[in-house]
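# Working through the structure, step by step
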Amino acid sequence: PFVLFRHPVDRMASLFYYLQIATWERTYSPELADMDIETYFETRSGNGGYTVSLLLNKKRGDPITEEDVTLAKQILKDKYLVGLVTKMEESIDRFDNFFGWYENDFRSSCIKQYIHHPVNNNPHKVVKEGSRAWDLAVEKNWPDMELYDYAVQLFEEQGNFIF
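No experiment lies behind these values; they were computed from the predicted model shown. (Residues numbered from 1 in each chain as written. Predicted model: local features only at pLDDT ≥ 70, side-chain atom pairs only at ≥ 80, totals over all residues. Heavy atoms only, no water.)

## Overview of unusual backbone geometry
Basically, it comes down to this: Numbering goes from the N terminus for both helices and strands, where a helix is a DSSP run of H or I of at least four residues and a strand is a run of E of at least two. Exposure is judged per residue with a 1.4 Å probe applied to protein chains only, and the accessible area is read against the type maximum: over 50% gives exposed, under 20% gives buried, and values in between give partly exposed.
Even without a glycine there, the phi angle at Asn57 is positive, about 60°. As for its position among the elements, Asn57 is in the loop between helix H3 (50-56) and helix H4 (66-79). By relative accessible area, which is 72% here, Asn57 ends up exposed.

In structure tokens:
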């Protein structure tokens, strides 16, 4: 299996802006349009470990411990080929090389449609690193931040070892 990681702060910010406009979603929240992103990050509930929860098959509301993060890192290392959204083309090339997907007749049109000109794209303001909003998001999402940092490390290690 493979996994494509997005920075947790970027993922949270994207979700905040998406939920303001996504009338088709069950989680659509038009009231977020009247809220600033700092307030959203301050008031957001959850365990801060969306990705950790997925890897461990934990319920979203269940607390995440350091031991959970350690186990999630081990699972990631043992079971997954890691890609990064910030290195999308390199990640896709790695997946293609590893799984032998270059032979797909639709590869170039898929890359063009989903990577170069994404159809499911919601441009929004970027949360600047070091800002109060950034710091709040990092604090709230410490489990996923630790896992993301490890995923970046694994991406480099796998690139040296496998490719």
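## Looking at helix H8 (residues 142-161)
Stated formally: To estimate the expected span of a helix, subtract one from its residue number and multiply by 1.5 Å.
Taking 1.5 Å of rise per residue, 20 residues should cover 28 Å, and H8 covers 28 Å from first to last C-alpha, within 8% of that figure. Of the residues making up H8, those classed as buried are Pro143, Asp144, Met145, Leu147, Tyr148, Tyr150, Ala151, Leu154, Phe155, Gln158 and Gly159.

## A look at the environment of Val85
Definition in use: Contacts between residues were defined by any pair of non-hydrogen atoms, one from each residue, lying within 4.5 Å.
By the secondary structure assignment, Val85 is in the loop between strand E2 (81-84) and helix H5 (88-99). Counting along the chain gives 12 residues from Val85 to Lys73, while the straight-line C-alpha distance between them is 18 Å. With sequence-adjacent residues up to four places away left out, Val85 is seen in contact with Leu4, Phe5 and Arg6.

## Quick notes on a nonpolar patch on the surface
Heads up, the rule is: Within the patch definition used here, like charges are joined within 9 Å and nonpolar side chains (Val, Leu, Ile, Met, Phe, Trp, Tyr) within 5 Å, considering only residues with over 30% relative accessible area and no salt bridge. To measure how exposed things are, a 1.4 Å probe is used in the Shrake-Rupley method; for residues, cover is taken only from the protein chains shown. Any Lys or Arg side-chain nitrogen located within 4 Å of an Asp or Glu carboxyl oxygen qualifies as a salt bridge.
A surface patch of nonpolar side chains, about 360 Å² in accessible area, is lined by Phe98, Phe161 and Ile162. Turning to its location among the elements, Ile162 is positioned in the segment after H8. The partly exposed category is assigned to Ile162, whose relative accessible area is 36%.

These results come straight from atomic positions and should not be treated as a statement about function.
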